[in-house]
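# Examining the three-dimensional arrangement
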Amino acid sequence: MSKAISITLINQDQRIDKFLLKNLKHVSYQIILKKIKGGEVLVNNQKTTPNYRLKLNDTILVENYDDKENKTYIPISSQKPVQPSFGNFIVFEDDNLLVLDKPWGLASHSDSNNEDSVLKKVQDYYLSNPVLTKKTNGYLPQLCNRLDKETRGLILVAKNQLTHTFINQKIATKEIQKFYLAKITGYFDVPEGLLEDYLTIKENCVKISETKVNTEYVKIQTAYRTLNINHKTNSSIVEIELLTGKKHQIRAQMNFYHHPLINEKKYSRSPNKPTGNLGLISYKLVFNFDNQDKDFGYLSKKVISLDKNKMIKLLESL
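A brief report on the enclosed structure follows. Keep in mind that what you see is a predicted model, and the values were worked out from it rather than measured.

### Observations regarding the environment of Gly 138
Its location among the elements puts Gly 138 in the loop between α4 (130–135) and β7 (142–143). For Gly 138, a relative accessible area of 7% translates into the label buried. For the pair Gly 138 and Asn 168, spaced 30 residues apart in the sequence, the C-alpha separation amounts to 21 Å. In this structure Gly 138 touches Lys 18, Lys 22 and Thr 133, once residues within four positions along its chain are discounted.

Spelled out as structure tokens, the structure:
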């Protein structure tokens, strides 16, 4: 038989595959995908795709639907989750939060230039795993921070909306400290200090100024500490605390001070075209807040970090 569903205000803007997973009894995600791709799911009498976002008053028609147990349905209790493609990236995980070590060359979000991304890998895994999607009521994980495609390091992924809201709030109030390791050209005469400048974005490129040129420029702050200097290669390793998190802040500011990151392609003044990985790793997050919240109090003062010495050696090899 066929099943018709009308979309109301509460259901609009959901992906159709997620919506059907929540609303069709005894039907696995694999079967839903098969039905959509096979033309057995129509929206307003037209074929659709799994990522179609529902609109108010849309009518969904599911053909050959049996509301009794589907022969190919596997009970949730006996389903075995497949291993995620990002399994090697996992640094920390609990019921609320997933922290990944994003590799160099992988985008945080998918866009017209980046088909693959951290977010896509995580969401595809959840969508292909009925155990997880039903456990989260169809909620798909969301990123709480992002890194440039060229940067390696820690990315926070919220597994539910409450966590997403909480972590974003703590980032906004600067209660989650972000530390980086960078390999730069040359070295700072003063081994430790605070860089305070102004930043603006024009045509996807960041401009830095010592003074506030106009209202488009915002103040940025970057603390740095030199860890070691290699005079032979005219380079140094610095630890950076990002006090204000603006687009390309570290990359543009290091170049502004004539110490571009090693293998910097966008901001370096060097005539030599870099070929290796960018000398920048987001290596440590400190949850620097006192919180008695019943859901997230356990994260208070937590430190999530990559192996510092290992990351330094990795940067030194660039």
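That was the structure; now back to the text.
### Quick word on helix α1 (residues 16–23)
Summarising burial for α1: six of the eight residues are buried, a large majority. Taken as a whole, α1 has its buried residues at Ile 16, Asp 17, Lys 18, Phe 19, Leu 20 and Leu 21. Buried positions along α1 lie against β1 (3–6), α2 (29–37), β2 (41–43), β4 (59–62), α3 (118–127) and α4.

### Digging into the pairing of strand β9 (residues 176–185)
Remark: a regular strand shows side chains that alternate across the two faces of the sheet. Burial analysis of β9 places nine of its ten residues in the buried class, the great majority of the element. Judged from the seven bridges that link them, β9 and strand β14 (residues 280–287) form a sheet pairing that is antiparallel. Bridged to Phe 179 within β14 is Lys 284. Where β9 and strand β13 (residues 235–242) come together, seven bridges link them in antiparallel fashion. Looking across to β13, one finds that Phe 179 is bridged to Glu 241.

Analysis parameters
Residues numbered from 1 in each chain as written. Predicted model: local features only at pLDDT ≥ 70, side-chain atom pairs only at ≥ 80, totals over all residues. Heavy atoms only, no water. Helix = DSSP H or I, 4+ residues; strand = E, 2+ residues; numbered from the N terminus. Buried < 20%, exposed > 50% of the residue type's maximum accessible area, 1.4 Å probe, protein only. Contact = heavy atoms within 4.5 Å. Pairing = 2+ DSSP bridges.

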